[in-house]
Amino acid sequence: MSQHYAITMPQLSDTMTEGVVVTWEKQAGDRVERGDIVATVETDKAIMDVEVFKAGYLAGPLADVGATIAVGAALGYITDTAGDVAIAADEVVEEQAQTEMIPHHAGTPVVMPQLSDTMTEGIVVTWEKQPGDVIKRGDIVATVETDKAIMDVEVFQDGFLSGPIADVGSVIEVGHPMAFIVDDAAKANDTGVTISADHKVKDTHKVAPPAVDRPAHIPMPKAAPVQVSAEGTLPPVGRPSGRQASPYARKVAAQLGVNLTGLAGTGPAGVIVAADVARARPSMQEVAHSLPQVDVPGQGRKMTSMEKAVSHAMTASLTLPTFNVTMNIDTAALTAAAKAKKISVTVAIAKACSVAMAKFPRMNWAYQPVDKLVERDNHDFGVAVMSNDGGLVVPILHGIEKKPLEALQSDWTELVERARVRKLAPAEYSNPSFTISNMGMLGVSHFTAIPTPGIAAILAIAANGSQGTPFTITGDHRVLNGADVALYLATLKQTIEAPEGWIQGSGVRGQGTAAETVAGAAATTSVPVSPIPEGNWDFPVVVVGGGPGGEDCARDLADHGVRVMMINNEPFPGGECLWRGCIPSKAWRAAADVIRNRAHDADMGVDGTNTPKLNWEQVEKHRRWVQSSRGEMALKADKGMKIDVREGYGEFVDAHTLKITPVEGEPYTISFGAAVIATGAPAFVPPIPGARENLATGGVLTSDTIWNLASPPKKLGIVGGGVIGVEMAQIFRDFGTEVLMLERHERILAEIEEEIGKVLVASLEKEITVVTSADIKEASGKPGKMKLRYANKEGVESVFDCDVVLMATGKRPDTSRLGLDKAGVALDGAAIKVDARCQTSAPHIYAAGDVIGGYMLAHTAATQGRVAASNLLGHGGEYDQDRDCAVTFSRPQAGFVGLSVAQAKAKGIDAVEAKMPMSIDAKAMITGETEGMIKLVADKASGRIIGVHFLADHTDTLIGTGVTMVAGEMTLTQVARAIFPHPTQTELFGELARRLLNRLRRTANK
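Residues numbered from 1 in each chain as written. Predicted model: local features only at pLDDT ≥ 70, side-chain atom pairs only at ≥ 80, totals over all residues. Heavy atoms only, no water.

A few points about the side chain of S703
Here is step 1 of the chain: You can see S703 is positioned in the loop between β38 (700-701) and β39 (715-719).
Here is step 2 of the chain: Judged by its relative accessible area of 7%, S703 falls in the buried class.
Here is step 3 of the chain: Dropping the residues within four chain positions of it, S703 is found in contact with E576, R580, A683, I724, L806 and M807. (Helix = DSSP H or I, 4+ residues; strand = E, 2+ residues; numbered from the N terminus. Buried < 20%, exposed > 50% of the residue type's maximum accessible area, 1.4 Å probe, protein only. Contact = heavy atoms within 4.5 Å.)

Here it is, written out as structure tokens:
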């Protein structure tokens, strides 16, 4: 059943009773997103934009332009059904889409930001700028008090501050304007407005001079409006007997576990609506106000926002069935170890709590109404700190489970400094998963702390005594029982009293020591013991394959003193990347780029360079020089590191014996303790009639054999629209070749982000012929006179006459010569089966690179090789595909780091994205490289950047910044505050982060 919401005429002020429709900015049937402007109306004050905060489709009947609509009456409707352009005449619509008004063309609004999940409004504390003042990007224009702290309001647009400007002391709803920024000083006005605690405009006047002190009496925000959600798969509850309830209300009731019987309805004629259901599940504030209030003599003052938030949380804690467990722990060894590492004891204890919690994850869970448990892996611990004004602040150390102590100490030093002056960002104090309160430093001999809804346990640390330091955990009995907490405290005691086993490695699963660990690597299990079996082996480790995966693995092992033999089936290391892939193709791409770039010279005032001529012999000479030089350098470096490099083929005889067949000479065997398989994957040729038969003649080429071309073909047929196919298509197009690309799927470049792919495909189709959903019938003929017969998706057959056909149909591992069954190594299809550590079914044998499937990329193989080495060395480590990256060397270049929005949502992450076209970038405009875009993807809950997607001419350079942001778990706020040089394309990252932050602040919890 469709859901409909009325878009009502908002009320701007107490004097407004109606408005006149001026324009409709959206039409019936249009898609509407949260924050969209759907119409403009004329009020008794000005022409205003009507902004909605409900996604769906605009539906009629729409009020006519010029019609006078009373406040609260419907302007139009929003429906959740596409194509539903009108609501039936007899259909009752009770739910309303929340709306707001902002002055039309008043400038860019400076809105009340949402600075915590629970914040619905804030109080203007100070104005740091006055109307008419010059505003620069990054300026602090005001400070506001939230329910948690006093925060700065930062703006990211140049201009001049202008009214209507809210008075100090005004209570402003999240997302509503406090003031405006105009682009011309002449447009600035000095109108001020007084806004009451219920958000109504009480008075309009000229802005008074800035107050020296904060007002003595600040209006306090009203109770937060109930936020409801009907997300979930539960069916709606039944209609209550003899009562009416809206379908949405019944759906919300199912999700919240609310019984509608006896519930008061506030809808028309007493109908129960969603808000009534939500009110049956009180907020912390409502719990506090619903308890009996005992009168106390004296003249009371209003609580500050922070005092109220603490009061409400403490009162709500009465709803938790709690119990206490205490254990004495000797902290001397941990204190000494922390001091030696120059780490605060607070940080060391937090890390110890995380290390112990790995065995008792339930300690990190939370109860969620009704009858649900939130199972959390992220260790985001709140640690109580006293602020300078005497209040209690609980900043959060995020990601304790995966960060080394040094990184945590750096985080904590900065957090404490800002916590003491109540200058924390929302993510730095909201939603801890566990809390620690240390009053022992104040000499308190024993105390119990109070957990609040959202955590299952809080740890209270008292002063050290004769029996040790009392550690008391207060737990939520709905999540934990006494045995859970007792066992956890026993493990915590062992962890704290014997820190040597984890404090040096920081308890982090990653590569190398704690200092070498990359912050942000996945960490959910303990560091493994080195799996290199002891024995009298010829070599402790043998590496089969000398490509990026094998070579990086061998080098890491050798660098740690392990004696390694690397067997490679070519004279020089480098594998496919150096000899048949990355390096030679980019040498061709570089030559093609020079030709392509000359087309822009005249636009920039350079004439006479637009007729470049390709010198194929020199192109090939340069390519081969790069390859041979790189190969010789690699071999020299390997031997310099004492790696025993041998040419030949390796085959397992048994679990610890490898047979080596050299190019010349007799086969021989060696014994090994552990092995790493990194043999790559050859080009795959599908069973297309004539394809495999013409490989021998040279009429059909693959990515392995195209390097034998005597000259660029005049006409080239390409089968396959993946990365290899696209790169070769454009390279040879720039070399003057006519190209036809056939792809059997609906789209080419299916591995890259969808919108990036569509834009790139549109660009490619201007240069080459692309046929998708193609049925390739046959490849026949001889080199120089090949015929490629195919049918399009309509079944119409065609024949393309070409010189050669390139089968760019990907790669597939071939392990037939390795004898894996004799070593106990299992396969997953054609690929070797491994876990995240790159460990095979034989515990002492690892595999890396193309032979294990997944992303068949050189840097992926190298990373996996290093992961294998790290585990062989006993340091631990995992490969995380969600942080991997790739570049397609097309023009413009496509690339990605991490996840797209679609991939993130498939993993259960509430992800959001922002994008910016290259056409607005100054540097791109200067160089004439304005095609494409950059996208930033973030986790909405944490603000962490989880993906960056590119279509730009210099993606191969820009992507390094994206890799750093994703691998370093940087947040939108961190990137927004970073200083990028101008004019460079890197400054787009800051712009994107600020744009996404502003959107989230504007639309969240509306």
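The discussion continues.
Observations concerning the pairing of strand β44 (residues 797-802)
Here is step 1 of the chain: By the bridge criterion, six bridges tie strand β43 (residues 785-791) to β44 in an arrangement that is antiparallel. Bridge pairing in β44 links L788 to F800.
Here is step 2 of the chain: The antiparallel pairing of β43 with β44 creates a hairpin that spans five residues between the two strands, and G795 there sits at a positive phi of about 90°. (Pairing = 2+ DSSP bridges.)

Regarding the side chain of S162
Here is step 1 of the chain: Structurally, S162 is set in strand β16 (residues 159-162).
Here is step 2 of the chain: Dropping the residues within four chain positions of it, S162 is found in contact with A179, F180, V182, K187, A188 and N189.

Comments concerning the nonpolar core
Here is step 1 of the chain: By size, the foremost hydrophobic cluster in this structure holds 48 residues, and its most contacted members are C353, F434, F471, Y488 and L492.
Here is step 2 of the chain: By residue number, the principal contributor to this core is helix α6 (residues 345-357), which donates eight residues.
Here is step 3 of the chain: Excluding residues that lie within four positions of it along the chain, F434 makes contacts with C353, M357, M363, N364, D380, F381, G382, I455, A457, L459 and Y488.
Here is step 4 of the chain: Among the nonpolar cores identified, the runner-up in size contains 34 residues, and V619, W707, I748 and L764 belong to it. (Core = buried A, V, L, I, M, F, W, Y, C linked by side-chain atoms within 4.5 Å.)

Notes on the sheet that holds strand β13 (residues 134-135)
Here is step 1 of the chain: Read across the sheet, four strands follow the order β11-β19-β16-β13 without closing on themselves; strand pairing throughout is antiparallel. Two strands lie at the open edges of the sheet, namely β11 (108-111) and β13, each paired on one side alone.

Things to note about the confidence of the model for the protein chain
Here is step 1 of the chain: Looking at the protein chain, the pLDDT average stands at 85 and 87% of residues meet or exceed 70.
Here is step 2 of the chain: At the low end of the mean pLDDT range in the protein chain sits helix α3 (residues 284-290), at 62; at the high end sits β39, at 97.
Here is step 3 of the chain: Segment residues 213-230 is flagged for pLDDT under 50; beyond a separation of four residues in sequence, or across chains, it makes 46 contacts in the model. (pLDDT = per-residue confidence, 0-100.)

Section: helix α7 (residues 405-420)
Here is step 1 of the chain: Helix length check: α7, at 16 residues, gives a terminal C-alpha distance of 22 Å against a target of 22 Å (1.5 Å per residue), a fit within 8%.
Here is step 2 of the chain: Buried residues of α7: L405, L408, Q409, W412, L415, V416, R418 and A419, and no others.
Here is step 3 of the chain: Looking at the buried side of α7, the elements it contacts are α6, β25 (381-383), β26 (385-386), β27 (392-393), β28 (396-397) and α9 (500-503).
Here is step 4 of the chain: After α7 finishes, the residue R422 shows a positive phi value of roughly 55°. (Expected span 1.5 Å × (residues − 1).)

Re unusual backbone geometry
Here is step 1 of the chain: For the bond running from G60 to P61, omega is 0°, close enough to zero to count as cis.
Here is step 2 of the chain: As for its placement among the helices and strands, P61 is situated in the loop between β6 (56-59) and β7 (68-70).
Here is step 3 of the chain: In this structure, P983 follows H982 across a cis peptide bond, with omega equal to -5°.
Here is step 4 of the chain: Assignment of secondary structure puts P983 in the loop between α21 (972-977) and α22 (987-1003).
Here is step 5 of the chain: Positive phi outside glycine occurs at K642, with the angle close to 70°.
Here is step 6 of the chain: With respect to the secondary-structure elements, K642 resides in the loop between α13 (616-640) and β34 (644-647).
Here is step 7 of the chain: Despite not being glycine, E969 has its phi angle at roughly 55°, a positive value.
Here is step 8 of the chain: Inspection of the secondary structure assignment puts E969 in the loop between α20 (955-967) and α21.

Thoughts on the packing of aromatic side chains
How two aromatic rings sit relative to each other is set out by the distance from centre to centre and by the angle between their planes.
Here is step 1 of the chain: Taken as a whole and judged by the stated rule, the model has 12 aromatic pairs.
Here is step 2 of the chain: Ring pairing ties together the aromatic residues W588, W616, W707, F732 and F735, which thus form one cluster.
Here is step 3 of the chain: The ring of Y367 has R478 sitting right over it, with the charged end atom 3.9 Å from the ring centre. (Phe/Tyr/Trp six-rings, centres within 6.5 Å; stacked < 30°, edge-to-face > 60°. Lys NZ or Arg CZ within 6 Å of the ring centre and 35° of its normal.)

Concerning α13
Here is step 1 of the chain: For α13, built from 25 residues, the straight-helix expectation of 36 Å at 1.5 Å per residue is met to within 8% by its first-to-last C-alpha distance of 36 Å.
Here is step 2 of the chain: Looking at the packing, one finds that the buried side of α13 touches α10 (548-559), β33 (564-568), α11 (575-579), α12 (582-597) and β34.
Here is step 3 of the chain: Positive phi shows up at K642, right after α13, with a value of about 70°.

What to know about the sheet that holds strand β45 (residues 804-807)
Here is step 1 of the chain: Spatial strand order, β38-β45-β39-β40-β41: five strands in an open sheet with parallel pairing. The sheet terminates laterally at β38 and β41 (769-771), the two strands that pair on one side only.
Here is step 2 of the chain: Sheet topology places β39 next to strand β40 (residues 738-742); five bridges connect them, and they run parallel. Each bridged residue has a counterpart across the sheet, and for G717 the counterpart in β40 is L740.
Here is step 3 of the chain: With respect to the sheet, helix α14 (residues 723-734) is in contact with β39, β40 and β45, its orientation differing from that of β40 by roughly 165°. (Axes fitted to C-alpha atoms, helices over the stretch in contact; angles between N-to-C directions.)

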